[in-house]
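# Examining the three-dimensional arrangement
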Amino acid sequence: MIVIDRPIGTSHPDHPTLHYTLNYGHMPGTMAADGREIDVYLLGVKEPVERYEGRCIAIIHRKDDIEDKLVIAPEGRNFSDEDIMHLTQFQEQFFDIEVLR
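Throughout what follows, the structure given in this document is the object of discussion. (Residues numbered from 1 in each chain as written. Predicted model: local features only at pLDDT ≥ 70, side-chain atom pairs only at ≥ 80, totals over all residues. Heavy atoms only, no water.)

### Quick notes on the packing of aromatic side chains
Stated precisely, the cut-off is as follows: For this analysis, a ring pair means two rings from Phe, Tyr or Trp (six-membered ring only for Trp) whose centres lie within 6.5 Å, classed as stacked if their planes differ by under 30 degrees, edge-to-face if by over 60, and tilted for the remaining angles. Distance and angle both matter: a charge sits over a ring if NZ of Lys or CZ of Arg is within 6 Å of the ring centre and within 35 degrees of the ring normal.
Under the counting rule described, the total for this entry stands at four aromatic pairs. Residue placement shows R62 over the ring face of F95; its charged tip is 3.6 Å from the ring centre.

### Quick notes on the environment of P74
Put simply, the rule reads: In DSSP terms, a helix is any run of H or I states spanning at least four residues, a strand is any run of E spanning at least two, and both are numbered starting from the N terminus.
When you line up the elements, P74 lands in the loop between β6 (69-73) and α1 (81-87). Each C-alpha atom, one on P74 and one on R55, is 6.2 Å from the other, the two residues being 19 residues apart in sequence.

### Details of the pattern of salt bridges
Operational definition: Every case where a carboxyl oxygen of Asp or Glu lies within 4 Å of a side-chain nitrogen of Lys or Arg is listed as a salt bridge. Buried, partly exposed and exposed residues are distinguished by accessible area as a fraction of the type maximum, computed with a 1.4 Å probe on protein chains only: under 20%, between the cut-offs, and over 50%, respectively.
Evaluation of the coordinates by the stated rule reveals six salt bridges. The salt bridge involving R62 is made with D65; its shortest N-O contact spans 3.0 Å. Overall, the relative accessible area of 4% leaves R62 in the buried class. Close ionic contact of D81 with R101 constitutes a salt bridge, the shortest N to O distance being 2.8 Å. With D81 in helix α1 and R101 in the segment after β7 (97-100), this residue pair connects regions lying 20 residues apart in the sequence. When its relative accessible area of 54% is taken as the criterion, R101 is described as exposed. One salt-bridge network, held together by shared partners, links D39, E67 and K69.

### Focus: the sheet that holds strand β2 (residues 23-27)
The following threshold applies: The pairing criterion is simple: DSSP has to find at least two bridges between the two strands.
Strand order in the open sheet formed by seven strands is β4-β1-β2-β3-β6-β5-β7, with mixed pairing between adjacent strands. Every interior strand has two partners, whereas the edge strands, β4 (51-52) and β7, have only one. Sheet analysis places β2 next to strand β3 (residues 38-42), joined by five bridges and oriented antiparallel. Looking at β3, one finds that G25 is bridged to V40.

### Brief notes about the nonpolar core
If you look at soluble globular proteins, the nonpolar side chains tend to sit buried side by side. How we decide: For the purposes of this section, nonpolar cores are sets of buried Ala, Val, Leu, Ile, Met, Phe, Trp, Tyr and Cys residues that join through side-chain atoms within 4.5 Å. Here a residue-residue contact requires only that any non-hydrogen atoms of the pair lie within 4.5 Å.
Grouped together as the largest cluster of nonpolar side chains are 16 residues, with contacts concentrated most on Y41, L43, I57, V71 and I84. Of all the secondary structure elements, the ones that give two or more residues to this core are β5 (55-62), β6 and β7. By residue number, the principal contributor to this core is β5, which donates three residues. Those residues in contact with I57 that sit more than four places away from it in its chain are V71, A73, R77, N78, F79, I84 and R101.

### Section: the environment of F95
Secondary-structure assignment places F95 in the loop between α2 (89-92) and β7. In this structure F95 comes out as partly exposed when scored by relative accessible area, which is 26%. Put simply, F95 and H61 are 34 residues apart on the chain and 9.5 Å apart in space, counted from C-alpha to C-alpha. Discounting chain neighbours no more than four positions away, the residues touching F95 are R62, D64 and D65.

### Let's talk about the pairing of strand β1 (residues 2-6)
Looking at chain direction, β1 and β4 are connected through two bridges and run antiparallel. For V3, the partnering residue across the bridge sits in β4 and is R51. Two strands pair when backbone bridges link them, and β1 and β2 are joined in this way by three bridges, in the antiparallel orientation. The residue bridging I4 from the neighbouring strand is G25, located in β2.

Structure below.
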């Protein structure tokens, strides 16, 4: 189960010009390298949600940052590496990333 704290259509709390083009949140009970819960992108859900149970289809590894991001999709949906990079580009454009499967 993931918790969405930045629903699709909202702005980043510290960077108001950065708008979330998909649902973004975290996985409760986990710990990332930054000391917070692991962040997640939710692909394939076009409306804002508060919680979601899906399947992890990839990891976005930031080569120039300390944390990775999980990519979650609805059961039965899959996205290519290119799709993932395109859909998360609004935020990941600032980092050197690779998609891991």
